[in-house]
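Coordinate analysis (summary)
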Amino acid sequence: MPHDYPTNTTQAKARKIHGTIRFNETFDEEKYLSTELRNAIEDIKATRSEKQLHGLFQEIFPGVYSSESLFRTSLLEDLVKELNYQKSSGIPERRPNGMNRYGTILSDEETSLLAPSIAKFVDNIVRPIASSLFPAYASSNSMAMHYAFTVRYAEDEDRELALHRDASVVTMNLCLGTKFRGGLLSFSDWEEPVKTDHHSLFSSNGDVDENLKSSKTIQMTPGMSLWHRGQHQHQAHPIESGERINLIVWLFAPNGDVRVAPFPPHERMDLSGRWGEL
């Protein structure tokens, strides 16, 4: 979905305080996206195939995709710096959701310096990838809206998060760092079979590690992103030391609607719908 990227007075005031904001109203894909991801996107345009893109992911559990090959370290570093700028700008912060007390809402144009660039990041990168990984749940508008925020875990703040579902069709979870021990993330089995609903990128070629099929827990590291359906129950285990910051993007339909059933094939978004005219 296209967005307008306004600069409101609150954002302008904060920029005046801090000088040049690294993100501003742009998202520098050459600076922040890995060479592998940029090449994969170019290959989609050239071949009309997403095979190279899918090769950047591993299905670590059924329906949970992981990659450490999408983003450069500069994205993590600049995001953390921008969060620090925003925190010191004097703009009041609200808790990011009803479960996490500590973090920053990034998609609210009235309070976030990063909202315009995050919207471009979602439009150009997050939404197309999510639609490619979970095509059965991607129609022309089922993921048209987004809610982006960070969560922060530390010994003297939120240390863990109980088992829950997200208010999203698909969630992207990117670990920004910084230094921490513990804080494992685990996923539950589906409560009922999803044989016809579950789309596996790797079911036909056996790329799922056999040792991981029975495991449901993962240690996130800076630069690792996880992609999963919002209805897939998961929890954050206690952090032991340090601080872990994650960027979360929820994708959903207008009015907050969350599609839980797969679309019929004729209603699903095609390649051009994901990536634009090829």
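Summary of the structure given here. (Residues numbered from 1 in each chain as written. Predicted model: local features only at pLDDT ≥ 70, side-chain atom pairs only at ≥ 80, totals over all residues. Heavy atoms only, no water.)

Some words on the pattern of salt bridges
Inspection of the entire model under this criterion finds five salt bridges. Across the salt bridge formed by Asp 78 and Lys 31, the nearest N and O atoms sit 2.9 Å from each other. Here Asp 78 is found in helix α5 (residues 73–87), whereas its partner Lys 31 is found in helix α2 (residues 29–32), with 47 residues between them in sequence. The class of Lys 31 is partly exposed, set by a relative accessible area of 36%. Across the pair Arg 274 and Glu 50 runs a salt bridge, and its minimum N-O distance is 2.9 Å. Of this pair, Arg 274 sits in helix α7 (residues 271–275) while Glu 50 is found in the loop between α3 (35–47) and α4 (51–54), placing the two residues 224 residues apart along the sequence. The class of Glu 50 is buried, set by a relative accessible area of 10%. (Salt bridge = Lys/Arg side-chain N within 4 Å of Asp/Glu carboxyl O. Helix = DSSP H or I, 4+ residues; strand = E, 2+ residues; numbered from the N terminus. Buried < 20%, exposed > 50% of the residue type's maximum accessible area, 1.4 Å probe, protein only.)

Structural notes on the nonpolar core
Ranked by size, the top nonpolar core spans 47 residues in total, and within it Leu 37, Phe 71 and Trp 227 carry the most contacts. Per element, the largest residue contribution to this core is eight residues, and it comes from helix α6 (residues 115–133). With near-sequence residues (within four places) excluded, Leu 37 lies in contact with Leu 53, Leu 56, Ser 69, Leu 70, Phe 71, Ile 125 and Ile 129. One finds Val 64, Ile 105, Phe 187 and Ile 239 within the second-largest nonpolar core, a separate group that totals 21 residues. (Core = buried A, V, L, I, M, F, W, Y, C linked by side-chain atoms within 4.5 Å. Contact = heavy atoms within 4.5 Å.)

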